[in-house]
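Structural overview for review
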Amino acid sequence: MIVYHSSFVSVESPDVRFSRDYLDFGKGFYLTSLYDQAVKYAQRFKRRKKQAWLSTYNLDFEPEDWKILQFDSYNREWLRFVSKCRSGQDDSDYDIVIGGIADDKVIQTIERYFAGELSEDEALGLLKYEKPNNQYCIRSQRMLDECLKHTQSEEL
């Protein structure tokens, strides 16, 4: 499968050690299979007067060989997992987490939930109307090394 990563540099050899903490699915290398989503995300670097790069990869793995967590919707499990990851309380050992991204619309609901302005049920009630984009968070270096192959990078 073809996947994309946006950054202010070309990333040919991803390394989990350089990932940020407190993201949707925890520390890992984030990708999407949606080209337009990746290009749109790269625009944030341009707004900060930085270069914007789109790196393309081939992601190829056998599901039975890896510890995978996948969310098909913005559901209670997704909300709880994102809450744990964003607060630094996740101690799971998944190789890859797949699911919806907390984009601009979704993050507003999530932030209100984190602030205690919305209950879990209220947040889920708002999220049920949002169609999830997709993101892949590869959290293990072994999976990055064995399953993700860089094919090209282009400056946007």
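Report follows, based on the coordinates.

Now for the sheet that holds strand 6 (residues 135-138). The strand order across the open sheet formed by 4 strands is 2-6-5-4, and the pairing between neighbours is mixed. Each having just a single partner strand, strand 2 (29-31) and strand 4 (68-70) make up the two edges of the open sheet. Between one strand axis and the next, the sheet turns by 15° as a mean value, whatever way the strands run. Bridging between strand 2 and strand 6 involves 3 bridges; their strand directions are antiparallel. Bridging across to strand 6, Phe-29 finds its partner in Ile-138.

Let's shift gears to the nonpolar core. Core analysis: the largest hydrophobic core is formed by 21 residues, its most contacted members being Phe-25, Phe-71, Trp-78, Leu-79, Phe-81 and Ile-110. Looking at this core, the elements that each hand over two or more residues are helix 2 (76-86), helix 3 (104-114) and helix 4 (120-127). A total of 5 residues in this core trace back to one element, the largest contributor, which is helix 2. Sequence-distant contacts of Phe-81, that is, excluding residues within four places in its chain, are made with Asp-24, Phe-25, Leu-69, Phe-71, Asp-90, Ser-92, Tyr-94, Val-97 and Arg-139. Counting residues in each nonpolar core, the second largest holds 17 residues, with Val-16, Phe-29, Trp-66 and Ile-138 among its members.

Every buried residue of helix 4 is accounted for by Glu-120, Ala-123, Leu-124 and Leu-127. Taken around the axis of helix 4, the buried residues stretch over an arc of 95°, which confines them to a single face.

What follows concerns the packing of helix 2 against helix 4. When two helices pack together, you describe them by how their axes are tilted relative to each other and by the distance separating the axes. With their axes 10 Å apart at the nearest point, helix 2 and helix 4 run at an angle of 115° to one another. Overall, the two elements helix 2 and helix 4 adopt an arrangement that is roughly perpendicular. For the element pair helix 2 and helix 4, the recorded crossing hand is right-handed. Of helix 4, the residues touching helix 2 (which contributes Arg-76, Trp-78, Leu-79 and Arg-80) are Glu-120, Asp-121, Ala-123, Leu-124 and Leu-127. Partitioned by chemical class, the residues of the contact of helix 2 with helix 4 number 5 nonpolar, no polar and 4 charged.

On the basis of which strands lie adjacent, the open sheet formed by 3 strands has the order 1-3-7 and antiparallel pairing. The open sheet has two edge strands with one neighbour each: strand 1 (2-7) and strand 7 (148-155). The mean angle between the axes of side-by-side strands here comes to 25°, regardless of whether they run parallel or antiparallel. In this sheet, strand 7 lies alongside strand 3 (residues 53-59) in antiparallel orientation, the contact comprising 7 bridges. Within strand 7, the position partnered with Trp-53 by the bridge is Glu-155. Here helix 1 (residues 35-47) sits on the sheet and contacts strand 1, strand 3 and strand 7; the angle it forms with strand 1, its principal contact strand, is near 10°.

Definitions and limits used
In this convention, every chain numbers its residues from 1, walking through the sequence in written order. Side-chain atom pairs in this predicted model are given and counted only at pLDDT of 80 or more, local residue features only at pLDDT of at least 70, and totals for whole chains, interfaces and linings cover all residues. Values reported for side chains reflect all heavy atoms of the structure, with hydrogen atoms and water molecules removed beforehand. Think of it this way: DSSP has to see at least two bridges between two strands before they count as a pair. Helix and strand definitions here come from DSSP, where helices need a minimum of 4 consecutive H or I residues and strands a minimum of 2 consecutive E residues; each element is numbered from the N-terminal end. Between N-to-C directions, angles cover 0 to 180 degrees, with each direction set by a line fitted to C-alpha atoms, over the stretch in contact for helices. For the purposes of this section, nonpolar cores are sets of buried Ala, Val, Leu, Ile, Met, Phe, Trp, Tyr and Cys residues that join through side-chain atoms within 4.5 Å. Here's how the labels work: a residue is buried when its accessible area is under 20% of the maximum for its type, exposed when over 50%, partly exposed in between, all with a 1.4 Å probe on protein chains only. In this description, contact between two residues means that some pair of their heavy atoms is separated by no more than 4.5 Å. The directions from the helix axis to the C-beta atoms are what the arc is built from. Throughout, the term roughly parallel applies to angles under 35 degrees, roughly antiparallel to angles over 145, roughly perpendicular to angles from 65 to 115, and oblique to all others. Helix crossings are classified by the rotation of the near helix relative to the far one: an anticlockwise turn of less than a right angle makes the crossing left-handed, while a clockwise turn makes it right-handed. Residues are grouped as follows: Ala, Val, Leu, Ile, Met, Phe, Trp, Tyr, Cys and Pro are nonpolar; Asp, Glu, Lys and Arg are charged; every other residue, Gly included, is polar.

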